[in-house]
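# Report on the structure
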Amino acid sequence: METDKFYNYSPEQTEQHFKTSIHSGLSNKEAKERLQKNGYNEFEKKKHKSLIAKFFDQFKSFMIIVLLVAAIISGVVGVLHGEGFSDAIIILIIVILNAVIGVFQEAKAEKSLDALEKMSSPQCKVIRDGQTQVIASRELVVGDIVILETGDSVPADIRLIEAINLKLQEAALTGESVPEEKITHKIEGEVSLGDRDNMAYASSSVTYGRGKGIVVATGMHSEVGKIASMIQSVPDTKTPMQQRLDKLGKILAIAALSICVIIFIVGVLYGRDILDMFMTAVSLAAAAIPEGLPAVSTIVLAVGVQRLAKRNAIVRKLPSVETLGSTSVICSDKTGTLTQNRMTVTKVYVNGEIQDLNNISKEEIDTDKELMTISILANDAKLSKKNGKWESIGDPTETALLDMGLKYNVVKDEIEKNLPRVAEIPFDSERKLMSTVHKKGEILTVAVKGGVDELLACCNRIYDRGKIREITTKDKKEIANANLQMAENALRVLAMATKEINSLPKEITPSTIETELVFVGMVGMIDPPREEVKAAVEKCRKAGIKPVMITGDHKITAVAIAKSLGIMDDNDKALTGIDVEKMSDEDLQANANQIAVYARVSPEHKVRIVKAFQANSNIVAMTGDGVNDAPALKLADIGVAMGITGTDVSKEAADVVLTDDNFATIVSAVEEGRRIYDNILKAIQFLLSTNIGEILVLFVAVMANWVSPLLPIHILWINLVTDSLPALALSVEPAEGDIMERKPIDSRKGIMTRPFTIRIFLQGILIALLTLTAYNIGVHSSVEVAQTMTFATLAFSQMVIIFGIRTGNHSAFKGIFKNKHLLGAIAIVFLLMLVVLFIPSLGEIFHVVKLTATQWWWVAGLSLAPLPVTEIAKLIRKIFSKKQNRK
């Protein structure tokens, strides 16, 4: 046996292993020595980076380095041309702002550990030197005997040696919504975390009963401690957009350097001044870098964050919004996310038949009222009235029974007024029954609930359509079949029985109370799926996203829920944590696409599952609410925590927190992420195509040995005004109608795919051709007129071409008035350009002259030309695409 598999040890073996005493515990002296040797029962902290280190870490992105170089070059060019540092300052502001935002996001792992520390119960009861003592939980050592009572938090990992009706809520660690009944005898073989019923783990809480156990692991050696170390060891991952922008930055830097060299060499060969040629080449290279791109990306994401907040998703990490749009796999927890996180009775078995509770009206309830009354009487859950409505409080299974009664106006408080409880036999895991005795006038009524087989063994009569008769072998067979049928549908089944007695026996024991009972019926309950999730799952499938259920619950329950929601079909498989344990990483990766359900999994399994999907080039979104989810949430490309049921640990490790704990909200967030990704691509397309247009204009002019069509101040103005404002306005462009009918973006592809690059270059060439045409028309009058016409045509044509970029493959006229921000930005740019071109004092600064009416007609015609050209191109592309689809 491995030393950490204490569930395989008997209580006596555990006692011997830790050299302690079940009855008297450790001595205070021994406890002190162990504390000095092993350390406190708390989590180790990873050394935090200083703020300065975090700040400089933000400058490792290649795009940021390129922008810093561009800022230096722009500063030098500005000084030499007498235009100051304005361009350089703006670039530096953008870079520093991005760095500051990044510093705030660095604290994710640190906060996760802080939240884990908060979970430690501050004090606990132990037996030392034969005396019960209350000590600080951090002073616990292995071998301590800990006493657990209802309401206590479990302070360390404990091997139970006493369990009296003990139930523990372990949802935060195992993901299972129903409290686990605990035992003390040893368990044979290897079992998953959720099935180690003789163990109590740190972060669990006692919901019922009492117990005692030996501490087997503390601090970082506990199961929660292992999770803390896993969070520390999980590397930070770059979002797909960050990776793509890094690639783009490298491409632009290489292109800019190449242009510098070519233009410089050509200019020198033409006999131009070396310094002038150097400054021209550097100006052009600086223009090649879209300074506004990081700012546009940040603002697009920030707008997306605000929109998502209105849709119940709080984004903790800005780039995560874009990552959502690239998601190809959503790994979701079952309880509370896909289901309602409330046990609900859905089926009842009375009078020899299974009935759907939803199909029973209040008028028909008389035949089932006896069943409901017993389920309410043999019940320790309570009712509380809030704002005029009843709420049930207690064990989830028992609250489900009270809720069933409330649905039909059978209220526990009113029932117990007429039938007050006078005696009881509490539930225990061995006999699996609970009995209560109630006064009913001169006689007493016994109400019993529990496991079907155990209760049936105590019955000799059956309640059948209002009458009591002897129970037959046929009855028992029908009950067993009904029980099996409900269990196969993942229902948790409880049976109810009753009898009347004249007086209380001297001893209230199972042998005196739980005999000669009348079998009344059964109830089947389940944590039902959320109604809106099925439509969300279907939407996922249309969008090419694979939904996967990862849960700590039992396989049969998980499969039933997955099939009802459409997550799993006949071709999919379901695995348990034990199955995952036996598979190598390679096997798990190879089979990942065929598996739709993972049940009874541990934290380590969740991390391996996420890695398996990522190894297949998937962008993985992982949801979770418990401590056990934190490492996988941090490792996933997008970690999604639950805002209502989620622990602090899961929220701090996540990128997005759902305020409604709803799977459908994740799908809405994916849709928003796709819209954001589309809009960032549109901004990139606009910025790069206009920059390429500027570069080609200057490049052709240098190669042809013309006087420069654009002055440095013109390039600066176009880069900062006509490029940036409309690009920012694209950030609020509404989503296209078919956005959730497309496949996810391939994470292996960069931004500059072949079709995207071709579009950018064609649009850049179009802008350059129109601008150079304006230059050649104007040069017949004078160089100044030519430069003015070039400047005006370049600026105005960019404002026209943006309409074609805005709608992607659709017509530029589609929803033309939907984006008022874009219309406003274009209006501002037009106004500013007219101010520069028509006010004489500004004309002198910008070196522009007055144009004649004919020259203005040429500018207007050339500026509007991109609209019909792009519309014809889209039409041709659409016709060609239809032909390809027919083939």
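Residues numbered from 1 in each chain as written. Predicted model: local features only at pLDDT ≥ 70, side-chain atom pairs only at ≥ 80, totals over all residues. Heavy atoms only, no water.

Below, the discussion takes up the overall build of the protein chain. Helix and strand counts for the protein chain stand at 33 helices and 26 strands. Counting over 887 residues, the protein chain shows a buried share of 55%. Considering only contacts in the protein chain between residues 6 or more positions apart, those separated by 24 or more positions represent 72%. For the protein chain, the accessible surface area stands at approximately 38600 Å², while carbon and sulfur atoms represent 57% of it. (Helix = DSSP H or I, 4+ residues; strand = E, 2+ residues; numbered from the N terminus. Buried < 20%, exposed > 50% of the residue type's maximum accessible area, 1.4 Å probe, protein only. Contact = heavy atoms within 4.5 Å. Areas by Shrake-Rupley, 256 points an atom, 1.4 Å probe, with all protein chains shown as cover.)

Moving on: unusual backbone geometry. We note that K19 has phi near 50°; this positive angle belongs to a residue other than glycine. Within the element layout of this structure, K19 appears in the loop between α1 (11–17) and α2 (28–38). One non-glycine residue, K432, lies in positive phi territory at about 55°.

On to the packing of helix α19 (residues 533–542) against helix α26 (residues 663–703). It is the contact of α19 with α26, at a shortest axis distance of 8 Å, that shows an interaxial angle of 35°. Of the two possible hands of crossing, α19 and α26 adopt the one that is left-handed. Seen from α19, the contacting residues are V533, A536, V537, K539 and C540; seen from α26, they are F663, A664, V667 and E671. (Axes fitted to C-alpha atoms, helices over the stretch in contact; angles between N-to-C directions. Left-handed = near helix turned anticlockwise from the far one by under 90°.)

A separate point is helix α30 (residues 820–838). With 19 residues, α30 extends 27 Å from end C-alpha to end C-alpha; this agrees with the ideal 27 Å at 1.5 Å per step. For α30, the full list of buried residues reads L822, A825, I826, V829, M833, V836 and L837. Each buried residue of α30 sits inside an arc of 100° when the element is viewed along its axis, so together they form one side. Turned more than 90 degrees from where α30 packs its buried face, K820, H821, L831 and F838 sit exposed. Of the residues that open α30, the one with a side-chain oxygen 3.3 Å from the backbone nitrogen of H821 is N819. (Expected span 1.5 Å × (residues − 1). Arc of directions from axis to C-beta. Polar contact = N/O pair within 3.5 Å; in protein donor to acceptor, adjacent residues only side chain to side chain.)

So, on to the side chain of S332. Structurally, S332 is set in strand β9 (residues 329–332). Discounting chain neighbours no more than four positions away, the residues touching S332 are T337, L338, V548, M549, I550, T623 and F663.

With 82 residues, the main nonpolar core has I479, F519, M522 and F663 as its most contacted residues. For this core, the element with the most residues is α26, which contributes 13 residues. Ranked by size, the runner-up nonpolar core spans 66 residues in total, among them F6, A156, L168 and A654. (Core = buried A, V, L, I, M, F, W, Y, C linked by side-chain atoms within 4.5 Å.)

This part covers a nonpolar patch on the surface. A cluster of nonpolar side chains, I758, F761, L762, I765 and L769, forms an exposed patch at the surface whose accessible area comes to about 460 Å². Among the secondary structure elements, F761 is positioned in helix α28 (residues 754–778). With relative accessibility at 41%, the residue F761 sits in the partly exposed group. (Patch = residues over 30% accessible without salt bridge, like charges linked within 9 Å, V, L, I, M, F, W, Y side chains within 5 Å. Salt bridge = Lys/Arg side-chain N within 4 Å of Asp/Glu carboxyl O.)

Applying the stated criterion across every chain yields a total of six aromatic pairs. With a centroid separation of 5.6 Å and 20° between ring planes, the pair formed by W706 and Y775 is classed as stacked. Placement of the pair is W706 in the loop between α26 and α27 (712–729) and Y775 in helix α28, with a sequence separation of 69 residues. Pairwise contacts between aromatic rings join F6, Y9 and F18 into one cluster. One cation-aromatic arrangement involves R138 over Y40; the distance from NZ or CZ to the ring centre is 3.8 Å. Seen from the ring of F427, K167 lies directly overhead, with NZ or CZ sitting 5.3 Å from the centre. (Phe/Tyr/Trp six-rings, centres within 6.5 Å; stacked < 30°, edge-to-face > 60°. Lys NZ or Arg CZ within 6 Å of the ring centre and 35° of its normal.)

Consider a sheet: its strands pair through backbone hydrogen bonds, and that pairing is either parallel or antiparallel. Judged by pairing direction, the sheet is mixed, and its eight strands sit side by side in the order β8-β26-β25-β24-β9-β21-β23-β22 without closing on themselves. Unpaired on one side and paired on the other, β8 (313–315) and β22 (573–576) mark the two borders of the sheet. Each strand axis lies, on average, 20° off the axis of its neighbour in the sheet, ignoring direction. With four bridges joining them, β22 and strand β23 (residues 595–599) adopt parallel strand pairing. When the bridges of β23 are listed, K573 appears paired with I595. Helix-sheet contacts for helix α20 (residues 555–565) involve β21 (546–550), β22 and β23, and the interaxial angle to β23 is about 145°. Packed onto the sheet, helix α23 (residues 603–615) meets β9, β21, β23 and β24 (620–624) and runs at close to 160° relative to β24. (Pairing = 2+ DSSP bridges.)

Before going further, it helps to spend a moment on the pattern of salt bridges. Taken as a whole and assessed by the stated rule, the structure comprises 34 salt bridges. With a shortest N-O distance of 3.8 Å, E188 and K186 are connected by a salt bridge. The exposed category is assigned to E188, whose relative accessible area is 61%. The shortest N-O distance in the salt bridge between R469 and D475 comes to 2.7 Å. Since its relative accessible area comes to 7%, D475 is described here as buried. Each of R307, R311, E672 and R675 takes part in a single network of salt bridges with overlapping partners.

Remark: a regular strand shows side chains that alternate across the two faces of the sheet. Relative to strand β2 (residues 131–136), strand β1 (residues 123–128) is paired through six bridges, and the arrangement is antiparallel. Paired with K125 across the bridge in β2 is V134. If you look at the hairpin formed by β1 and β2, you'll find two residues sitting between the two strands, and D129 has a positive phi there, around 55°.

A few words on the pairing of strand β25 (residues 638–642). Judged by how many residues are buried, β25 sits mostly within the fold: five of five residues are covered. The pairing of β24 with β25 spans four bridges and is classified as parallel. Bridge pairing links A621 to I638 in β25.

For the rest of this paragraph, the subject is helix α17 (residues 473–488). With 16 residues, α17 extends 23 Å between its outermost C-alpha atoms, agreeing within 8% with the 22 Å of an ideal straight helix rising 1.5 Å per residue. Among the residues of α17, those classed as buried are D475, I479, A482, N483 and M486. Each buried residue of α17 lies within a common arc of 100° when the element is viewed along its axis, so the set occupies one face. Turned more than 90 degrees away from the buried face of α17, the exposed residues are T473, K474, K477 and E488. Downstream of α17 by a residue or two, A490 has a phi angle that is positive, lying close to 65°.

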